[in-house]
Amino acid sequence: MFGYVRPRRDLLGQAEQEDYQAAYCGLCRALGKHYGFAARFLVNYDMTFLYLLRASAGASAQTAPCWCPARVCGKKNCVLDPQGLSSVAAYTVILCVEKLRDNIRDESFFRALPHRLIAWIYRRAYRKAARVQPGFAALTASQLQALHELEAAQSPSIDATADAFARIVAGCAGDSAPALRRPMEQVLYQTGRFLYLTDALDDLREDCARGAYNPLRFRFSVREGEMTPDDLAYLSQLTDSSVNLAGAALSLLPAGAHTTVLENIVFMGLPSVFSAVKAGRFQAGKRMWGRGQQQKNDENPKAR
Amino acid sequence: MKDPYEVLGVSRTASENEIKTAYRELVKKYHPDNYANNPLADLASEKMKEINEAYDAISKTRGGASGGYQSTASHGSYRSGYQTYNSHSGSGGSYAQVRSYLNANQLDAAESILNTAANRDAEWYFLKGTIAYRRGWLDEARQHYQTACAMVPGNYEYQNALRSVQGGYTPYRQSAYQNSGMDDACNICNALLCLNCLCGGCR
């Protein structure tokens, strides 16, 4: 999806880094197993966070060395959690294909051609995933339609547009245990809100140049793709509040094997990503992110 | 009832000090201040109750070893400290009803009463902001709270609510990357071993 929900690896211990990597590789393997080789390319950091969150209440799942297409020689450690990973794999396919469909709807015919081609490649995977999670597929389609209508009406409310997207993310908690459902939905809702606002800031300059809809353009005074320092500080406080609400909800989930990694992602990873986006460094250093190279030079998020 | 030791996250052989420390950490984590105005305040309150009961149960089975701490008034304050909208000085009957709906987390019912109110005073904006906050609509919540604070500048409740959407409060984190300490210790050991080899210690 976006790749914004990632840990500060430089602040993780060795065991937690391996735990995170094994979850990422496990999700990639599950995508390949259930939806074919092409679906492996849909694996991303955001959905790894979703898997860790949904598995947070339990003990650490068993891991085993697995074949990795990105590595010619040798194997990588993968989480073996058939039930947990198959649900997240279905969510991943649905979200990615619906996002492609949304792009097709928003773009002109020729600009949308690559999206059409990719959506066509994943058509069977989508049909299978929608059979596994029919409620989530319907929710995603209806919320993206609502978002499309808000965008077409050039809504100045960042709450309304972020809400339409955040409801989709919160929907990923749909089949979790009833006792965990409310805090998990809150973590996901606020993370979804954070994702939407961060993505809007990241795309602001490009959207302004193309004349495309961006909620920040209609809510704040934006000149040549730049927000004023005051507005930027205001937006930072809004995303900080989302992080705090997600963190407070995370504390209400039972402590488990992934608690340290999840806390790292919510309390350290998200603010660091927002800082990088705000400074215009995220796109430039996207490949370096997650390796701890750029984070070391990053400002302390608490100092903002 | 759950195993009280499991609730506090300590072993059965834990010392009195270890139990007290674990209890205090959990109290900080689920303190009412951390969940003021939060839509999940009821869950935090239940968690706090469970922690207090577990601590009381352990104190009793250990023959009053922790009796002094057990009987402190602080327990009572934690138990009753979660924010509820019981009454408000000067508020009309409709506002009292809105607050009771907020206590029951019935946001649509609360909002429908506010939408029909003819007079929009500071309390109206505060309650409207609270509904938006509970829904996660933080931009709208902040604007309403700001209006309420501007209309009645000295109101502590309004100011606290505004602070909560200004990103000022950070939830307490218990684990806080404790494992990194172990890694650091390993790194130091490795460095000392290498140094020993370099200095001829491996002959």
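Keep in mind it's a predicted model, so treat the numbers as computed, not measured.

Draft legend 1. Fine view of the overall build of chain B. Along the backbone of chain B there are 11 helices and 0 strands. From first element to last, N terminus to C terminus, chain B shows the α and β order α-α-α-α-α-α-α-α-α-α-α. Evaluated residue by residue, chain B yields a buried proportion of 40% over its 203 residues. Taking the intrachain contacts of chain B between residues at least 6 apart in sequence as the baseline, contacts between residues at least 24 apart amount to 57%. Carbon together with sulfur atoms contributes 52% to the accessible area of chain B, which is approximately 10700 Å² in total.

Draft legend 2. Quick look at a nonpolar patch on the surface. Residue and element names in this part refer to chain A. Taken together, Leu117, Ile118, Trp120 and Ile121 make up a surface patch of nonpolar side chains, about 410 Å² in accessible area. Counting through the fold element by element, Leu117 comes out in helix α4 (residues 113-121). Overall, the relative accessible area of 52% leaves Leu117 in the exposed class.

Draft legend 3. Focus on the nonpolar core. Tyr35, Phe49, Leu53 and Leu216 of chain A together with Leu8 of chain B are the most contacted members of the largest nonpolar core, which has 133 residues in total. Ignoring any residue separated from it by four or fewer positions in sequence, one finds Leu216 of chain A in contact with Ile158, Leu197, Ala200, Leu201, Leu204, Val222, Met227 and Leu235 of chain A.

Draft legend 4. Spatial organisation of the packing of aromatic side chains. The full count for this structure, using the stated rule, is 14 aromatic pairs over all chains. Ring plane angle 20° and centroid distance 4.1 Å describe the contact between Tyr23 of chain B and Tyr55 of chain B, whose orientation is recorded as stacked. In this pair, Tyr23 of chain B sits in helix α2 (residues 16-29) while Tyr55 of chain B sits in helix α3 (residues 41-61), placing the two residues 32 residues apart along the sequence. For the residue pair Tyr23 of chain B and Tyr55 of chain B, the accessibility class agrees, reading buried in each case. These aromatic residues form a ring-pair network of at least three members: Tyr20, Tyr24 and Tyr45 of chain A.

Draft legend 5. Spotlight on the interface of chain A and chain B. The partner chain B presents 34 residues to the 35 residues of chain A that form the contact. Between chain A and chain B, the buried area comes to about 3000 Å², and carbon and sulfur atoms account for 53% of it. Counting the surface chain A buries against chain B, the share from its top three residues, Asp159, Arg182 and Leu252 of chain A, is 20%. Applying the counting rule to chain A against chain B returns 2 salt bridges. We note a salt bridge from Arg219 of chain A to Asp139 of chain B, for which the minimum N-O separation is 2.7 Å.

Draft legend 6. Representation of unusual backbone geometry within the structure. Phi is positive for Glu224 of chain A, which is not a glycine, with a value near 50°. In this model, Asn105 of chain B sits at a positive phi of 60°, which is unusual for a non-glycine residue. Relative to the assigned elements, Asn105 of chain B resides in the loop between α6 (93-103) and α7 (107-116). For Asn105 of chain B, a relative accessible area of 34% translates into the label partly exposed.

Draft legend 7. Region of the structure containing the confidence of the model for chain B. Residue and element names in this part refer to chain B. The predicted model of chain B averages 77 in pLDDT, with 67% of residues at 70 or higher. Least confident of the elements in chain B is helix α4 (residues 67-70), whose mean pLDDT is 39; most confident is helix α9 (residues 138-151), at 95. In this model residues 66-80 is a low-confidence stretch, pLDDT under 50, and it forms 26 contacts with partners more than four residues away in sequence or in other chains. Scored as a complex, the prediction yields pTM 0.84 and ipTM 0.84.

Draft legend 8. Region of the structure containing the packing of helix α6 (residues 134-152) of chain A against helix α7 (residues 158-170) of chain A. All names here are of chain A. At a minimum axis separation of 8 Å, α6 and α7 run at an interaxial angle of 170°. Here α7 runs roughly antiparallel to α6, going by the angle between their axes. Pair α6 / α7 crosses with left-handed handedness. Each of Phe136, Leu139, Thr140, Gln143, Leu144, Leu147 and Leu150 in α6 lies in contact with α7, whose residues at this interface are Ala160, Thr161, Ala164, Arg167 and Ile168. Residues of the contact of α6 with α7, tallied by class, amount to 8 nonpolar, 3 polar and 1 charged.

Draft legend 9. Local environment of the confidence of the model for chain A. Residues and elements named next belong to chain A. On average, residues of chain A score 88 in pLDDT, and 92% of them are at 70 or above. Least confident of the elements in chain A is helix α13 (residues 293-297), whose mean pLDDT is 44; most confident is α7, at 96. Segment residues 288-304: pLDDT under 50, and 42 contacts once partners within four positions in sequence are set aside and those in other chains are kept.

Draft legend 10. Looking closely at helix α8 (residues 122-135) of chain B. All names here are of chain B. Between its terminal C-alpha atoms α8 stretches 20 Å, which fits the 20 Å expected from 14 residues at 1.5 Å a residue. Counting buried positions along α8 yields 13 of 14 residues, so the element is predominantly enclosed. In the segment just after α8, Gly136 is the residue with positive phi, at about 90°.

Draft legend 11. Layout of the pattern of salt bridges. All names here are of chain A. Under the counting rule described, the total for this entry stands at 21 salt bridges over all chains. Between Asp102 and Arg105 there is a salt bridge, with its nearest N and O atoms 3.2 Å apart. In this pair, Asp102 and Arg105 are both assigned in helix α3 (residues 82-106), 3 residues apart and thus about one turn of the helix distant. Here Asp102 falls in the buried class, since its relative accessible area comes to 6%. The partly exposed category is assigned to Arg105, whose relative accessible area is 36%. Here Arg193 and Asp159 are joined by a salt bridge, their closest N and O atoms 2.8 Å apart. One end of the pair, Arg193, is in helix α8 (residues 178-202); the other, Asp159, is in helix α7, and 34 residues separate them in sequence. Asp159 shares its class with Arg193; the two are buried.

Draft legend 12. The arrangement of a positive patch on the surface in detail. Residue and element names in this part refer to chain A. Residues Arg124, Arg127, Lys128 and Arg131 make up a contiguous surface patch of positive charge. As for its placement among the helices and strands, Lys128 is situated in helix α5 (residues 123-132). Take Lys128: its relative accessible area is 35%, and that puts it in the partly exposed class.

Draft legend 13. Spatial organisation of α6 of chain A. Residue and element names in this part refer to chain A. Along its 19 residues, α6 runs 27 Å from first to last C-alpha, staying within 8% of the 27 Å computed at 1.5 Å per residue. Regarding α6, the residues found buried are Phe136, Ala137, Thr140, Gln143, Leu144, Leu147 and Glu151. Looking down the long axis of α6, one finds its buried residues gathered within 140° of arc, a one-sided arrangement. For α6, exposure combined with an orientation more than 90 degrees from the buried face picks out Gly135 and Ala152. The secondary structure elements touched by the buried residues of α6 are α3, α5, α7 and α8. Just downstream of α6 lies Gln154, where phi reads positive at about 50°.

Thresholds, definitions, all that
Residues numbered from 1 in each chain as written. Chains lettered and ligands numbered in written order. Predicted model: local features only at pLDDT ≥ 70, side-chain atom pairs only at ≥ 80, totals over all residues. Heavy atoms only, no water. Helix = DSSP H or I, 4+ residues; strand = E, 2+ residues; numbered from the N terminus. Buried < 20%, exposed > 50% of the residue type's maximum accessible area, 1.4 Å probe, protein only. Contact = heavy atoms within 4.5 Å. Areas by Shrake-Rupley, 256 points an atom, 1.4 Å probe, with all protein chains shown as cover. Patch = residues over 30% accessible without salt bridge, like charges linked within 9 Å, V, L, I, M, F, W, Y side chains within 5 Å. Salt bridge = Lys/Arg side-chain N within 4 Å of Asp/Glu carboxyl O. Core = buried A, V, L, I, M, F, W, Y, C linked by side-chain atoms within 4.5 Å. Phe/Tyr/Trp six-rings, centres within 6.5 Å; stacked < 30°, edge-to-face > 60°. Buried area = accessible area lost by both parts, 1.4 Å probe. pLDDT = per-residue confidence, 0-100. Axes fitted to C-alpha atoms, helices over the stretch in contact; angles between N-to-C directions. Parallel < 35°, antiparallel > 145°, perpendicular 65-115°, else oblique. Left-handed = near helix turned anticlockwise from the far one by under 90°. Nonpolar A, V, L, I, M, F, W, Y, C, P; charged D, E, K, R; others polar. Expected span 1.5 Å × (residues − 1). Lys, Arg positive; Asp, Glu negative; His and termini not counted. Charge placed at Lys NZ, Arg CZ, Asp CG, Glu CD. Arc of directions from axis to C-beta.

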